[in-house]
Number of protein chains: 2
Amino acid sequence: MNSTIKHQLEHRTIRFFEQKPVPEEMIELFIQVIQRTATSNGLQFSSFIRITDHNLKQKIAEIAKQSYIADVPELFIFLADGYRNTQILKESGDNRKFNSMDVLLQGITDASLSAQNLTNAVESVGMGAVFLGAILNDAQALVDLLALPKLTMPVLGVAFGYINDDPQLKPRMPMKYRFYENTYRTFDDYHQELADYDQVMKTYYDTRNRNQCLAAFTDQVVLKATPVAGRENIASVMKKQGFLLD
Amino acid sequence: MNSTIKHQLEHRTIRFFEQKPVPEEMIELFIQVIQRTATSNGLQFSSFIRITDHNLKQKIAEIAKQSYIADVPELFIFLADGYRNTQILKESGDNRKFNSMDVLLQGITDASLSAQNLTNAVESVGMGAVFLGAILNDAQALVDLLALPKLTMPVLGVAFGYINDDPQLKPRMPMKYRFYENTYRTFDDYHQELADYDQVMKTYYDTRNRNQCLAAFTDQVVLKATPVAGRENIASVMKKQGFLLD
C-alpha cells in the first residue's frame, strides 16, 4: 500500500491543532493543488476564500456553533461560483446568467472536489484537517460576512494545521449497504442489517464530546432528522443569491 | 514534494485506457478509500454503483454522448442518498423524510468528496481517471437505468483504469482570480485580466477533439452559456426523486 492510500485509510477528523503556523510555501503548494483539481467543463465554477482575520474566524465559529474554529491555524471556505463567468458574459454584451440548478450543481461539485483534494495534500504532509459543513448553519450570515456577490454560494469549509488531537477512526457502515453493482440495492430491514454497526458505533468517542459515546447509528439517524436550526434556510439563501432552483 | 502532491499537480483527464482489467484486490482497496471518506454529520448520505455490465456502459455512454465511456474498464456512479436513512426513520415509526435541500446538498458534497478521494487513490497507483458530469445530460434516463429509488440522485461518475492516453495538462486561470483572502474579490474587466490565459487556452488540444484547439476561455464561457440539451431537466428530476428544493 502506498502512502497516499495509507493516509486515506487513516483519515480522521482533526479539530485541534498546534499553535504553529503552516509555512506560506506550503500554502502556495496547496493553492496549486486546488488549482489543478478537475473542474466541470473546464469552466471553473468555484472560488476559495482563505480566512486569515482572527475576528472573522470567531464569527464563523459562532455561525457553525463550534468554538474550536476560532483557533484553527488555517481556514479555507469553498464556494460555488457562477458570478465570475456571468460577468464575462455581461462584458461580452450577453445578458444571460449562469444561474441554473445545473450551474449550482457543477459549482458545488467543483468546490467539493477541491476541498477533498486539499485535504489529501494536507494529510500527505502529516498535517490534519476537518471539513466544516456547519458554516451553512447560518448561510446568509456567512454570505454577508465574506461579501459574497450574487451567483456565489458557500459550500463547505476546510480547517487544517499541525495535529494536536488523537481521535479514533470513526466507524462506518459496511459497504455492502452503500456500494452496489449495476443497480441500486434496497434492504428490507436496515435496523437488523445494521445491528452490528450500531453496536460498534456506541463504542466511538467523538472529540466534540470527549466523555460521551455516540448513540447507535440508527438512533442518530432519528435524532438528526430534526435539522439544526438555520439549515432550513439554505434553499432560500441560494435563491436570494440568484440561483433558480427549478 | 511528496508523491501524493506530485500526482495532484500532474492531474490530467484520462479518457482512454488499456484493455487490461483493474485487479479485484485493487478495487477492494478503492472501495475502502471511499468508505473512509469524510461524510457530513456521519450520516453517510451517499451511495455508489459500480457498472460492470457492458450493455449498461453503452447506455451511459449514450446518455453522456461520449462514446469512449462504453469501453472504460471501470465506471463508478456516485449518488446523493437520502433513501437509506429515510427507510431507517420509517422502520422506527417516524414518517419524516430526508428530502430537504440541506440533505441533498450534504449528499452531493459527500458523493463528490468520495469521487475525488477515489481519483487520488487511482492516480497514486499510476492509473488514470475521468470525472463524468455528463451522466446528467439525461438524469431521468440514468435514474431509470440504475433503478434508483426516491430520495437518491446521481451526482457524477468516475471512470478509471490503466492509462492509454497522453493529454496535455489543461491550463487553468491564475488563482488570483479564484482564490481570495477574507472577502470575495471582484475585478472590473475579466476579459482584460484573463487575456494571457485566453491565449494559453488556445494552445491546448483536448483529447475529445484531438485535432482541434480550444477557444479562448472567455469565448468558451459564452459558448457554454447555452446548456447541453437535457441539462435543463436536472432540477425537475431532483423534484421527481422527492427532494424539496425550497
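A quick note: this is a predicted structure, and the numbers were derived from the prediction, not measured.

Reading guide: rules and limits
- Residues numbered from 1 in each chain as written.
- Chains lettered and ligands numbered in written order.
- Predicted model: local features only at pLDDT ≥ 70, side-chain atom pairs only at ≥ 80, totals over all residues.
- Heavy atoms only, no water.
- Helix = DSSP H or I, 4+ residues; strand = E, 2+ residues; numbered from the N terminus.
- Buried < 20%, exposed > 50% of the residue type's maximum accessible area, 1.4 Å probe, protein only.
- Contact = heavy atoms within 4.5 Å.
- Areas by Shrake-Rupley, 256 points an atom, 1.4 Å probe, with all protein chains shown as cover.
- Lys, Arg positive; Asp, Glu negative; His and termini not counted.
- Charge placed at Lys NZ, Arg CZ, Asp CG, Glu CD.
- 1 Å grid on protein atoms, 1.4 Å probe; cavity = no way out; pocket = protein on both sides within 12 Å on 5 of 7 lines; lining within 4 Å.
- Points joined across faces, edges and corners; volume = space filled by probe spheres on them.
- Nonpolar A, V, L, I, M, F, W, Y, C, P; charged D, E, K, R; others polar.
- UniProt positions renumbered as here; feature names shortened; annotations may be inferred.
- Expected span 1.5 Å × (residues − 1).
- Polar contact = N/O pair within 3.5 Å; in protein donor to acceptor, adjacent residues only side chain to side chain.
- Axes fitted to C-alpha atoms, helices over the stretch in contact; angles between N-to-C directions.
- Left-handed = near helix turned anticlockwise from the far one by under 90°.
- Least-squares fit on C-alpha atoms with pLDDT ≥ 70 in both.
- Pairing = 2+ DSSP bridges.
- Phe/Tyr/Trp six-rings, centres within 6.5 Å; stacked < 30°, edge-to-face > 60°.
- Buried area = accessible area lost by both parts, 1.4 Å probe.
- Salt bridge = Lys/Arg side-chain N within 4 Å of Asp/Glu carboxyl O.

Engineer: How should the overall build of chain A be read in this particular structure?
Structural biologist: Along its length, chain A carries 10 helices and five strands. Expressed as lengths along the three principal axes of its C-alpha atoms, the size of chain A is roughly 60 × 50 × 40 Å. For chain A, the residues scored as buried account for 62% of the 246 residues in total. Long-range contacts, defined as pairs at least 24 residues apart, comprise 77% of the intrachain contacts of chain A with a sequence gap of at least 6. Carbon and sulfur atoms make up 48% of the accessible area of chain A, which totals about 9,600 Å². Charge-centre separation for chain A: the mean point of 26 positive side chains lies 2 Å from the mean point of 29 negative side chains.

Engineer: Would you explain empty space enclosed by the protein in this entry?
Structural biologist: Where empty space is left in the structure can be found by rolling a water-sized probe over the atoms. Counting across every chain of the model gives three cavities of 30 Å³ or more. Considered as a void within the structure, the largest cavity measures approximately 40 Å³ in volume. Secondary structure elements with two or more residues in the lining of the largest cavity: helix H5 (101-124) of chain A together with helix H5 (101-124) of chain B. Counted by class, the lining of the largest cavity contains nine nonpolar, no polar and no charged residues.

Engineer: Mind showing me how you'd approach the UniProt feature "domain: Nitroreductase" (unreviewed entry) in chain A here?
Structural biologist: In this numbering, the UniProt entry assigns the feature "domain: Nitroreductase" (unreviewed entry) to residues 10-162 of chain A. In residues 10-162 of chain A, the share of helix is 42% and the share of strand is 18%. The end C-alpha atoms are 16 Å apart.

Engineer: Is there a simple way to explain helix H2 (residues 24-36) of chain B in this structure?
Structural biologist: An α-helix turns once every 3.6 residues. As a result, residues three or four positions apart point the same way. Over its 13 residues, H2 of chain B runs 19 Å from end to end, which matches the ideal 18 Å to within 8%, given 1.5 Å per residue. Within the span of H2 of chain B, buried status applies to Met26, Ile27, Leu29, Phe30, Ile31, Val33, Ile34, Gln35 and Arg36 of chain B. Packing partners of the buried residues in H2 of chain B comprise helix H1 (3-9) and strand E5 (179-181) of chain A together with strand E1 (46-50), strand E2 (74-81), H5 and strand E4 (152-161) of chain B.

Engineer: How should the side chain of threonine 152 of chain A be read in this particular structure?
Structural biologist: All names here are of chain A. With respect to the secondary-structure elements, threonine 152 resides in strand E4 (residues 152-161). A residue is classified by how much of its surface remains accessible, and threonine 152, at 0% relative accessible area, is buried. Of the polar contacts made by the side chain of threonine 152, one reaches the backbone oxygen of proline 149; its length is 2.7 Å.

Engineer: How do you make sense of the packing of H2 of chain B against H5 of chain B when you look at a structure like this?
Structural biologist: Residues and elements named next belong to chain B. Running from amino to carboxyl end, H2 crosses H5 at an angle of 145°, the nearest separation of the two axes being 9 Å. Once H2 is placed against H5, the crossing between them reads as right-handed. Of H5, the residues touching H2 (which contributes Phe30, Val33 and Ile34) are Ser114, Asn117, Leu118, Ala121 and Val122.

Engineer: Just to check I follow, could you spell out the relation of the copies chain A and chain B for this structure?
Structural biologist: The second copy of the chain is related to the first by a rotation about an axis and a shift along the axis. It takes a turn of 180° to lay chain A on chain B, together with a shift of 0.0 Å along the axis; the resulting RMSD is 0.0 Å. On this basis, the relationship between the two copies can be described by a two-fold rotation axis. When the interface residues of chain A are mapped onto chain B, 100% of them again fall at the interface, so both copies present the same face.

Engineer: Would you take a moment to explain the sheet that holds E1 of chain B for this structure?
Structural biologist: In space, the five strands of this open sheet follow the order E5(A)-E1(B)-E2(B)-E4(B)-E3(B), with mixed pairing throughout. The strands lining the two open edges of the sheet, one partner per strand, are E5 of chain A together with strand E3 (128-132) of chain B. Strand-to-strand twist across the sheet, computed as the mean angle between neighbouring axes with direction ignored, equals 25°. The sheet contact formed by E1 of chain B and E2 of chain B spans five bridges and is antiparallel. Looking at E2 of chain B, one finds that serine 46 of chain B is bridged to alanine 80 of chain B. Most of the contacts of H2 of chain B go to E2 of chain B, to which it runs at about 20°, and overall it touches E5 of chain A together with E1, E2 and E4 of chain B.

Engineer: It is not clear to me how the packing of aromatic side chains should be interpreted in this structure. Could you clarify?
Structural biologist: A ring pair, where both rings are aromatic, is described by two values, the distance of the centres and the angle of the planes. Residues and elements named next belong to chain A. Taken as a whole, this structure holds 24 aromatic pairs over all chains when the rule is applied. For the pair phenylalanine 48 and phenylalanine 78, a centre-to-centre distance of 5.5 Å together with 75° between the ring planes defines the contact as edge-to-face. Taken together, the positions of phenylalanine 48 in strand E1 (residues 46-50) and phenylalanine 78 in strand E2 (residues 74-81) put the pair 30 residues apart, joining distant regions of the chain. Taken individually, phenylalanine 48 and phenylalanine 78 each receive the classification buried, so the pair is uniform in this respect. Their ring planes at 70° and their centres at 5.9 Å tell us that phenylalanine 187 and tyrosine 190 sit as a pair that is edge-to-face. Judged on exposure class, the residue phenylalanine 187 and its partner tyrosine 190 are both buried.

Engineer: Help me understand the side chain of glutamine 116 of chain A, please; the structure alone is not making it clear to me.
Structural biologist: Mapped onto the fold, glutamine 116 of chain A is located in helix H5. Of the residues examined, glutamine 116 of chain A reaches a relative accessible area of 4% and is grouped as buried. When near neighbours in sequence (up to four residues on either side) are disregarded, glutamine 116 of chain A contacts Phe131 of chain A together with Thr37, Leu113, Gln116 and Asn117 of chain B.

Engineer: Sorry, what's going on with the interface of chain A and chain B here?
Structural biologist: How big an interface is tends to be stated in terms of the accessible area lost upon association of its parts. Counting residues at the interface gives 105 residues for chain A, matched by 105 residues for chain B. Summing the contributions of chain A and of chain B, the shared interface buries around 9,700 Å²; its carbon and sulfur component is 60%. Interface area lost by chain A to chain B is led by Arg36, Arg178 and Tyr184 of chain A, which between them contribute 9%. Connecting chain A to chain B are two salt bridges. Counting across the interface, chain A meets chain B through 63 residue pairs in polar contact (both at pLDDT 80 or more).

Engineer: Mind showing me how you'd approach the sheet that holds E1 of chain A here?
Structural biologist: Note on sheets: strands pair through backbone hydrogen bonds, and any given pair is parallel or antiparallel. Strands sit in the order E3(A)-E4(A)-E2(A)-E1(A)-E5(B) across an open sheet of five strands; the sheet is mixed. Strand pairing shows two members of the sheet lacking a second neighbour, strand E3 (128-132) of chain A together with strand E5 (179-181) of chain B, which therefore form its edges. For this sheet, the mean angle separating the axes of adjacent strands, direction not counted, is 25°. Strands in contact with helix H2 (residues 24-36) of chain A are E1, E2 and E4 of chain A together with E5 of chain B; relative to E2 of chain A, the strand with the most contacts, it is inclined by about 20°. In the packing of H5 of chain A onto the sheet, contacts are made with E1, E2, E3 and E4 of chain A, and the angle to E4 of chain A comes to roughly 5°.

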